[in-house]
Amino acid sequence: MSEAIRGVRGVVPAPGTETGAVPAASATREPWRDRGLPAAERVADLLARMTPEEKAGQLAGFWAMPAEPGEPVAPMEDDSHEDAPSLEDVLERGLGQLTRVFGTVPVTPAEGAARLRDLQGRVAAGNRFGVPAIAHEECLNGFMTWGATVFPSPPAWGATFDPGLVAEMATAIGASMRAAGVHQGLAPVLDVVRDARWGRTEECIGEDPYLVGVLGTAYVSAMERSGIVTTLKHFAGYSASRAGRNMAPTPIGPREFADVVLEPFVMALRDGGARSVMHSYTDVDGMPAAADERLLTGLLREELGFTGVVVSDYFGVSFLETRHRVAGSRGEAAALALRAGLDVELPTVRCYGTPLIEQILRGAVPEELLDRAAGRVLTLKAELGLLDEAPAGGDGAALDFDPPEHRALARRLAEESVVLLANDGVLPLRSGSGVALAGPLADDPSGMMGCYTFPSHVGRQHPELPLGVEIPTLADALRAELPGVRVAGSDDVFVADDADIEAAVAAARDAEVCVLALGDRAGLFGRGTSGEGCDAETLALPGRQAELAAAVLDTGTPTVIVMLTGRPYAIETIADRAAAVVQAFFPGEEGGRAVAGILAGRAEPSGRMPISVPRRASGPPVTYLRSLMDGGHDWSMVDPVPLYPFGYGLTWTSFEYSDLKAGERAATDGTVTVSAVVRNTGERAGTEVAQLYLSDPVASVVRPARWLAGWARIRLEPGEAARVEFQVHADRTSFTGPDLRRIVEPGVVEVAVGRSSADLPLRGSFTLDGPVRELGPDRVLTVPVEVTPL
């Protein structure tokens, strides 16, 4: 442990206050303590014994700041910069959640575990039932704590098109969190990218709801199996905000909301088993999500059948008063949120404390609503064993949050996520002796990490501290792959200094090949070029990076552009002149080695774009999921056709598609088999991502020109072939009809199979026969795929 981190002390728990310990007065065998009874009976018994104040306590979070042993625990101030209640002020009522004990300041695993045990002991000892809190942490790019593995960002997951690998990552993250005593993770983000100018694009899996749903569900299922409660974010419509601005209103209609925004949540709730949902900050048609009863109760619970806990995004209840201005006081904000179906206020109690209790006691809010929310929280605690008299956990001394197997997994995921966008034959590089590496991210580890990684999210506030994990830069990794590489990097992502451009140009002139590393540095609220609150006016490269690239390309030296970013950027003028273009979306602690392995040919590129790359920085938002009239046509001089489309990516080899077979007819509740042969026609082994798209040439509402229905990753040796077979149920052609009911319509459905959303050499169709069919909650959500070697 470094000297710098020794100053951040864990708190040694007082004897008898370990997690799960209960006061002696509460040790009798009341029914709620009987783990042999159903959770509903236990919760009903406990609720009947609680006062309104104690019920409200279960709806509150507490964000503790670090404290030296024996000192009072200080609360984190709230978003209004008012003093939050102290721990002593809230203990008597009980507590619903503890906020980011590991993820607020740098602590070693042992210190974090000791601090969590101490806080849980105080919570349990402070209320008359001895019930501890649910501890939650961020876990989007891994367990967000000092010293934990930094996995690739969600767009990198999307680029893999590999749900099995995403599930392995989630299992690893969940194991670390569970060992640390954490119960709940605030991930995954299921927002579908609609406008890449949005700073939180780096937290999203991609622009297609099916891709987001399948990979997000894989994450959820694995995390829940690990014993960690997943929290789906952000319900719903956050990423479709106006002009890609964080927290701006969302101007979409009910059909786009249902068919694009909602679909990943439907999958992750039904097939993934998520037990928590976090509301969105945005408002849709004037209704803030935190106060929308139709959204949080009517849709989420009554239609989708969700029975878990809805938690607020941080300060989201307060925002009803301070930002949305639909409430005139804390109490009114609490009443609106509770009535809507929001169960827990995070990160710390402001509205769900005394203001809510006053509303309850004077009859302004029915106590049944308080019982409803508290019952949900206590049910979750029962499932987690927090109503049991469990023995204390370990001391955390043996915890390792970045073991070798997690690092190896991070590298596998990073390698699969790298997308080769262009290559004139310069890659793979033959040797390092004639290679120059330049650019603002050539020798900077920040190009590997998204906003919700500990070094970016918290570590920036502690510049004296080491990163906590080894994160090789691209320079480190490329030198290891190809000794002799010369580096002329800078440390300014905006390239503000003319000297940086001059140094890169000089290095390129003297080289046989130049590798130019461009991209983002993640941060919060304007402290980065990507991340929460770091929205962009255009998709031009940050700062003077385009000027730098043009100057290097002007040297005439073959140049490989490496993009280390949180979002796609408009690079048409650069890509047209580059010898090769490689895209990596914040690829994590092993990202440098993964990208270097691709450049050197040790690893093969197999990633595909989960988000389209635009041609022009100031053009309209580019997403493949658009209608014919929303695409390019001769009645508008604005062309939204992307430079690199969704699903696109090259390999070291080539693949041929042939022999499309599609069933001719099926009922509107039937299944059609679509299959095709994929053959490796090149001289090297490679992985193809065969993609199936559907189209509805005549429908009762305007439909997308095509939508992704399924895919398969297929690895083939030179000359090898395989048949990929998709089982397409009629439900996968469904949509929200004219009267806003989800339906399957009879008629022709077109199919296309190929390499990307814009490269589909095989075309066919089938016909659905029968009546229009309205779908229920049991509709088929996925397309099973089978690959058979030939």
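See the structure printed just above.
So, here's what we can say about the structure. Not measured: the values here are computed from a predicted model.

### Re the pattern of salt bridges
Applying the stated rule across the entire model yields 45 salt bridges. Two residues, Arg42 and Asp388, come together in a salt bridge whose shortest N-O distance is 2.8 Å. Of this pair, Arg42 sits in helix H2 (residues 39-49) while Asp388 sits in the loop between helix H15 (367-383) and helix H16 (404-417), placing them 346 residues apart in sequence. Residue Arg275 pairs with Glu383 through a salt bridge whose shortest N-O separation is 3.2 Å. Placement of Arg275 in the loop between helix H10 (263-270) and strand E6 (276-279) and of Glu383 in helix H15 is noted, with a sequence separation of 108 residues between them. Of the residues examined, Glu383 reaches a relative accessible area of 48% and is grouped as partly exposed. Connected via shared salt-bridge partners are Asp402, Arg407, Arg411, Glu470, Glu589, Glu590 and Arg593.

### Comments concerning the nonpolar core
Counting residues in hydrophobic clusters, the biggest one holds 184 residues, and the most contacted among them are Tyr219 and Phe235. Each residue touching Phe235, except ones within four places of it in the same chain, is listed here: Leu262, Phe265, Val277, Met278, His279, Ser280, Ala289, Leu295, Leu296, Leu299 and Leu300. If you look at the next biggest cluster of nonpolar residues, it comprises 37 residues, including Leu427, Ala477, Ala600 and Trp652.

### Here's the deal with the sheet that holds strand E13 (residues 513-519)
Within the open sheet, the 6 strands sit side by side as E10-E15-E14-E13-E11-E12. Their pairing is mixed. Both edges of this open sheet fall to strand E10 (419-423) and strand E12 (486-489), since each of them pairs with a single strand only. Averaged over neighbouring strand pairs, the angle between their axes works out to 15° when direction is ignored. Where helix H22 (residues 591-600) meets the sheet, it contacts E13, strand E14 (559-565) and strand E15 (580-585), and its direction lies at approximately 155° from that of E14.

### Observations regarding the layout of surface pockets
In this approach the atoms are scanned with a rolling probe the size of a water molecule, which exposes any empty space left behind. In this structure, the largest pocket encloses a volume near 1,100 Å³. Around the largest pocket, the lining is made up of 32 residues, and of these Phe257, Ala258, Leu262, Leu299 and Glu303 lie nearest the centre. Sorting the residues of the lining of the largest pocket by element identifies helix H9 (254-261), H10 and helix H11 (293-303) as the ones contributing at least two each. At 5 residues, the largest contribution of residues to the lining of the largest pocket is made by H11.

### Considerations on unusual backbone geometry
Cis rather than trans, the peptide bond between Lys233 and His234 has omega equal to -5°. Of note, His234 is situated in strand E5 (residues 229-235). One non-glycine residue, Phe315, lies in the positive phi region at around 65°. Along the polypeptide, Phe315 turns up in the loop between strand E9 (309-311) and helix H12 (316-322).

### Things to note about H15
Since there are 3.6 residues in each turn of an α-helix, residues three or four apart along the chain are aligned in direction. Compared with an ideal rise of 1.5 Å per residue, which puts 17 residues at 24 Å, H15 spans 24 Å between its outermost C-alpha atoms and is within 8% of the ideal. Within two residues after H15, Gly385 carries a phi angle of roughly 80°, on the positive side.

### As for empty space enclosed by the protein
In the structure shown here, the tally under the stated rule is 8 cavities of 30 Å³ or more. Roughly 90 Å³ of internal volume is contained in the largest cavity. Forming the boundary of the largest cavity are 17 residues, of which Thr145, Ala148, Val150, Phe454 and Pro455 lie nearest the centre. When its volume is computed, the second largest cavity comes out at roughly 70 Å³. In this structure, the second largest cavity is lined by Asp696, Val698, Thr733, Phe735, Glu745, Pro746, Gly747, Val748, Val749 and Leu768. Considering each element in turn, the lining of the second largest cavity owes the most residues, 3 residues, to strand E24 (residues 747-754). When grouped by side-chain class, the residues that make up the lining of the second largest cavity number 6 nonpolar, 2 polar and 2 charged.

### Quick notes on the packing of aromatic side chains
Using the criterion set out here, one finds 16 aromatic pairs in the structure. Ring centres of Trp198 and Tyr238 lie 4.9 Å apart, and the angle between their planes is 80°; on these two criteria the pair is classed as edge-to-face. In this pair, Trp198 is assigned in the loop between strand E4 (184-185) and helix H8 (209-225) and Tyr238 in the loop between E5 and H9, connecting sequence segments 40 residues apart. The burial state of Trp198 is the same as that of Tyr238; both residues are buried. One aromatic cluster is present, formed by Phe161, Tyr210, Tyr624, Phe646, Tyr693 and Trp711 through successive ring pairs. Here the guanidinium or amino end of Arg323 rests over the ring plane of Phe319, the centre of that ring lying 4.6 Å away.

### Quick notes on the environment of Pro777
In this fold, Pro777 is placed in the loop between strand E26 (773-774) and strand E27 (785-789). Between the C-alpha atom of Pro777 and that of Leu304, which follows or precedes it by 473 residues, the distance is 6.9 Å. In this structure, Pro777 is in contact with Arg270 and Glu303, ignoring residues within four places of it in sequence.

### Side note on the sheet that holds strand E18 (residues 671-680)
The strand order E16-E18-E21-E27 describes an open sheet built from 4 strands, whose pairing is antiparallel. The sheet is open, and its two edges are formed by strand E16 (655-662) and E27, each paired on a single side. Across this sheet, the average inter-strand angle for adjacent strands is 20°, counted without regard to direction. Pairing between E16 and E18: 6 bridges, direction antiparallel. Residue pairing across strands places Glu656 opposite Arg679, the latter belonging to E18.

Conventions and cut-offs
- Residues numbered from 1 in each chain as written.
- Predicted model: local features only at pLDDT ≥ 70, side-chain atom pairs only at ≥ 80, totals over all residues.
- Heavy atoms only, no water.
- Salt bridge = Lys/Arg side-chain N within 4 Å of Asp/Glu carboxyl O.
- Helix = DSSP H or I, 4+ residues; strand = E, 2+ residues; numbered from the N terminus.
- Buried < 20%, exposed > 50% of the residue type's maximum accessible area, 1.4 Å probe, protein only.
- Core = buried A, V, L, I, M, F, W, Y, C linked by side-chain atoms within 4.5 Å.
- Contact = heavy atoms within 4.5 Å.
- Pairing = 2+ DSSP bridges.
- Axes fitted to C-alpha atoms, helices over the stretch in contact; angles between N-to-C directions.
- 1 Å grid on protein atoms, 1.4 Å probe; cavity = no way out; pocket = protein on both sides within 12 Å on 5 of 7 lines; lining within 4 Å.
- Points joined across faces, edges and corners; volume = space filled by probe spheres on them.
- Expected span 1.5 Å × (residues − 1).
- Nonpolar A, V, L, I, M, F, W, Y, C, P; charged D, E, K, R; others polar.
- Phe/Tyr/Trp six-rings, centres within 6.5 Å; stacked < 30°, edge-to-face > 60°.
- Lys NZ or Arg CZ within 6 Å of the ring centre and 35° of its normal.

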